[in-house]
Amino acid sequence: MSKFNRFIFTVFIFAAALVMITITANFVVAHEETSEGGILNVVAEIFERIHWVFFVLVIITCYYFRYISERKIFGNPFACGLPGRKGYKGDKLIYQFHRYFVWISFAFIAVYLVSSAITLPALFSLVQLNILQKTTKFLEFFVGITFLLYLSGCYHIKYLFERLVEKEPGPCRGCWRNTLCDKQSVLNELHGYFFWISVFGVVALHILFIFGGHAG
Amino acid sequence: MNLKMSVKRSDGVKIYSVPYEPKMRILDALLFIQEKLEPDLAFRWNCGEGVCGSCAGEVDGRPVLMCKKEITKDMRDIRVEPMKVFPVIKDLVTDPGKVYEKLARLKPYFTGKKQSNFPTVYEKEAAKSQEMRKCIDCFICYDSCHVIRNHPQMGFTGPLNIVKAAAQDSHPLNTFSRTKLLEKEGVKFCNVSRCCTENCPQDIKITEHAIIPLKEKIISDTGIIGLIKKIGKKNEQI
């Protein structure tokens, strides 16, 4: 069971990576054909090429994802009381990098959401786009927002906000630090839900990409 | 209707037949065995209502408090064992002394600089510290940790000690940083599989509220620069 699960997981990761690379490469080629050059286009091109790598890295290093994968896929352990995986060497390295991927992804998602918020209304008014392409664009924006909420609920952000409250001793009831911490705690409780919404959103998005094409 | 109870005793597994009563607990069944069948059966218990944490053991391979574990209608063949991670003294009585040895290394008391004024403490800050202080020292989290069970050579301090350290760290009068001690005691070996949290009879969110914040604290205090330094040191050694 364990080996089968691992095999399925590996196949899934490779397939997902292949689909994402193909789509990104196609999109970049299309983008290069239409663009006239310039620094902004170069930045946009870099963004298009590598943004998904950081999103994947954020998910792989996420505490929630690791809990799911360790328990359900790697059987470390499959259930409480059962023996864990042989040869487990400890969680020494992977969790240290999560925060860096989170901040890079924050930057990417902020750029994407701002640019989308500007271009989305104009894009929707275009007559030549079919309904599938418009749906794809809308879903892309929706996934962007859920991913932002998923990132905001991260345990690293929670830790930072709690430190913010602790660092300023004295009366703080109702002050902005506490309010911020409370709001983030709600997002942190929903971390798992936003994770699954983002994952299913990305899958749906790629299916739509394949059938409907990118709206640009 | 009778229950089949397999109890792992010092001299091997023994099977007893115990009459079933509705809302019966594992502890009630063990008390029946001790009173009517085997007076020399040894097990710890005290309050009988999930407060003292004395009666922890393993039922069907899963660590539980025996006074809180109710025998349901589908449980007819029950396996009762002592906690696997500790040396057995007699029958179901174990010696958790090594946990306290590890805990002593984390300095779970006030040390370092003293604060001149007692800070104002609000409900939220108090609740955070209070959650960790709900711990009843039942050692269920320690017994359910697969790192402790399968990889004792790693020297992982265990969830119980991390809870104690987190309780002390979140105290408003605490000024001592346990980051280096926790790193040395192997907090990095926890793979957040949440068995300690799932089994905790006091519903303490050990993984979310103790282990992960301490892991984050360790990285913040050591950081990527600390990691680069470590890699540098390793290269020097090579």
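If you're wondering where the values come from, they're calculated on a predicted model, not measured in any experiment.

*Asks:* If you had to explain the overall build of chain B to someone new, which residues and values would you point to?
*Replies:* Helix and strand counts for chain B come out as 9 helices and 7 strands. If you line up chain B on its principal axes, its C-alpha atoms span 65 × 50 × 30 Å. Expressed as a percentage of the 238 residues in chain B, the buried residues total 37%. In chain B, once contacts between residues fewer than 6 apart in sequence are set aside, the share between residues at least 24 apart is 65%.

*Asks:* Tell me about the overall build of chain A, and name the residues and values.
*Replies:* The helix and strand tally for chain A stands at 8 helices and 0 strands. Walking chain A from its N terminus toward its C terminus, one meets helices and strands in the order α-α-α-α-α-α-α-α. Counting all 216 residues of chain A, 20% fall into the buried class. Within chain A, counting contacts between residues at least 6 apart in sequence, those at least 24 apart form 75% of the total.

*Asks:* Describe the interface of chain A and chain B, naming the residues involved and giving the relevant values.
*Replies:* Facing the 27 residues of chain A at the interface are 29 residues of chain B. The set of elements that each furnish at least two residues to the side of chain A that touches chain B consists of α3 (63-73), α4 (94-125) and α6 (155-167) of chain A. When residues of the side of chain A that touches chain B are assigned to their parent elements, the largest contribution, 5 residues, is made by α3 of chain A.

*Asks:* Could you give me a rundown of the domain arrangement of chain B, with the residues and numbers involved?
*Replies:* Residue and element names in this part refer to chain B. We note that the domain assignment places domain 1 (2-94) and domain 2 (97-237) within chain B. With 11 residues of domain 1 at the interface, the matching set in domain 2 holds 12 residues. Looking at the side of domain 1 that touches domain 2 residue by residue, the classes come out as 7 nonpolar, 2 polar and 2 charged.

*Asks:* Would you mind going over the environment of Lys 84 of chain B in detail, with residue names and values included?
*Replies:* Residues and elements named next belong to chain B. Looking at where Lys 84 falls in the secondary structure, it is placed in the loop between β5 (77-81) and β6 (88-90). Each C-alpha atom of the pair Lys 84 and Thr 94 lies 8.9 Å from the other, and the pair is 10 residues apart in sequence. With residues near it in sequence (within four places) discarded, Lys 84 still touches Glu 58, Asp 143 and Arg 149.

*Asks:* So what's going on with the nonpolar core? Which residues, and what values?
*Replies:* Residues and elements named next belong to chain B. If you look at the biggest cluster of nonpolar residues, it comprises 73 residues, and the most contacted ones within it are Val 163, Ile 211 and Leu 214. Residue contributions to this core peak at 7 residues, all from helix α9 (residues 206-237). Per-domain counts for this core show at least three residues from each of domain 1 (2-94) and domain 2 (97-237). Ignoring sequence-local partners within four residues, the contact set of Val 163 consists of Met 132, Cys 135, Ile 204, Ile 206 and Ala 210.

*Asks:* Before we move on, can you summarise the packing of helix α2 (residues 97-105) of chain B against helix α6 (residues 159-169) of chain B with the specific residues and values?
*Replies:* The geometry of a pair of packed helices is captured by two quantities: the angle between their axes and the separation between those axes. Residues and elements named next belong to chain B. In contact at an axis separation of 10 Å, α2 and α6 are set at 35° when each is read in the N-to-C sense. For the element pair α2 and α6, the recorded crossing hand is right-handed. Facing Val 99, Lys 102 and Leu 103 of α2, the residues of α6 in contact are Leu 160, Asn 161 and Lys 164. Residues belonging to the contact of α2 with α6 are distributed by class as follows: 3 nonpolar, 1 polar and 2 charged.

*Asks:* How would you sum up α3 of chain A? Please name residues and give values.
*Replies:* All names here are of chain A. All of the buried residues along α3 are Tyr 63, Arg 66, Glu 70 and Arg 71. Buried residues of α3 fall within an arc of 115° about the axis and therefore sit on the same side. The positive-phi residue at the C-terminal boundary of α3 is Gly 75, with phi of around 60°.

*Asks:* Describe unusual backbone geometry, with residues and values.
*Replies:* At the junction of Asn 76 of chain A and Pro 77 of chain A, the peptide bond is cis and its omega measures out at -5° in the coordinates. Within the secondary structure layout, Pro 77 of chain A lies in the loop between α3 and α4.

*Asks:* Outline the sheet that holds strand β2 (residues 12-19) of chain B, listing residues and values.
*Replies:* Residues and elements named next belong to chain B. As summarised here, the arrangement of the 5 strands in space is β2-β1-β5-β3-β4, forming an open sheet in which the pairing is mixed. The sheet terminates laterally at β2 and β4 (62-65), the two strands that pair on one side only. If you compare each strand with its neighbour and ignore which way they point, the axes differ by 35° on average. Across the face of the sheet, helix α1 (residues 26-37) comes into contact with β1 (2-9), β2, β3 (56-59) and β5 while running at roughly 95° to β2.

*Asks:* Explain the confidence of the model for chain B residue by residue, including any values.
*Replies:* All names here are of chain B. Residues with a pLDDT of 70 or more make up 93% of chain B, whose mean pLDDT is 87. The element-level mean pLDDT for chain B is lowest in α9, coming to 73, with strand β7 (residues 93-94) highest at 96. This prediction of the complex comes with two scores: 0.81 for pTM and 0.78 for ipTM.

*Asks:* So, the pairing of β3 of chain B: which residues are in play, and what are the values?
*Replies:* Residue and element names in this part refer to chain B. Pairing of β3 with β4, which is carried by 4 bridges, proceeds in the antiparallel orientation. Its bridge partner lying in β4, Glu 58 is registered against Pro 63. Connecting β3 to the next strand, β4, in antiparallel fashion are 2 residues, including Asp 60 with a positive phi near 55°. Here β3 runs beside β5; their pairing, made up of 2 bridges, is antiparallel. Pairing of Val 59 across the sheet is with Val 80, part of β5.

*Asks:* Before we move on, could you go through α1 of chain B and cite the residues and values that matter?
*Replies:* Think of an α-helix as 3.6 residues a turn; residues three or four steps apart then line up on the same face. Residue and element names in this part refer to chain B. With 12 residues, α1 should cover 16 Å at 1.5 Å per step; its first-to-last C-alpha distance of 16 Å lies within 8% of that length. If you check which residues of α1 are buried, you get Ile 26, Ala 29, Leu 30 and Ile 33. Around the axis of α1, the buried residues are gathered within 100° of arc, so they sit on the same side. Residues of α1 that are exposed and angled more than 90 degrees away from the buried face: Glu 35 and Lys 36. The elements touched by buried residues of α1 are β1, β2, β3 and β5.

*Asks:* Quick one: what's the story with the environment of Gln 153 of chain B, residue by residue and with numbers?
*Replies:* Residue and element names in this part refer to chain B. Inspection of the secondary structure puts Gln 153 in the loop between α5 (146-150) and α6. Residue classification places Gln 153 among the exposed residues on the basis of 6 C-beta atoms within 10 Å. A sequence separation of 148 residues divides Gln 153 from Met 5, and the C-alpha atoms of the two residues are 34 Å apart.

About the cut-offs
- Residues numbered from 1 in each chain as written.
- Chains lettered and ligands numbered in written order.
- Predicted model: local features only at pLDDT ≥ 70, side-chain atom pairs only at ≥ 80, totals over all residues.
- Helix = DSSP H or I, 4+ residues; strand = E, 2+ residues; numbered from the N terminus.
- Buried ≥ 20, exposed ≤ 12 C-beta atoms within 10 Å, placed from the backbone.
- Contact = placed C-beta atoms within 7 Å.
- Domains from an automatic or database assignment.
- Nonpolar A, V, L, I, M, F, W, Y, C, P; charged D, E, K, R; others polar.
- Core = buried A, V, L, I, M, F, W, Y, C linked by C-beta atoms within 7 Å.
- Axes fitted to C-alpha atoms, helices over the stretch in contact; angles between N-to-C directions.
- Left-handed = near helix turned anticlockwise from the far one by under 90°.
- Arc of directions from axis to C-beta.
- Pairing = 2+ DSSP bridges.
- pLDDT = per-residue confidence, 0-100.
- Expected span 1.5 Å × (residues − 1).

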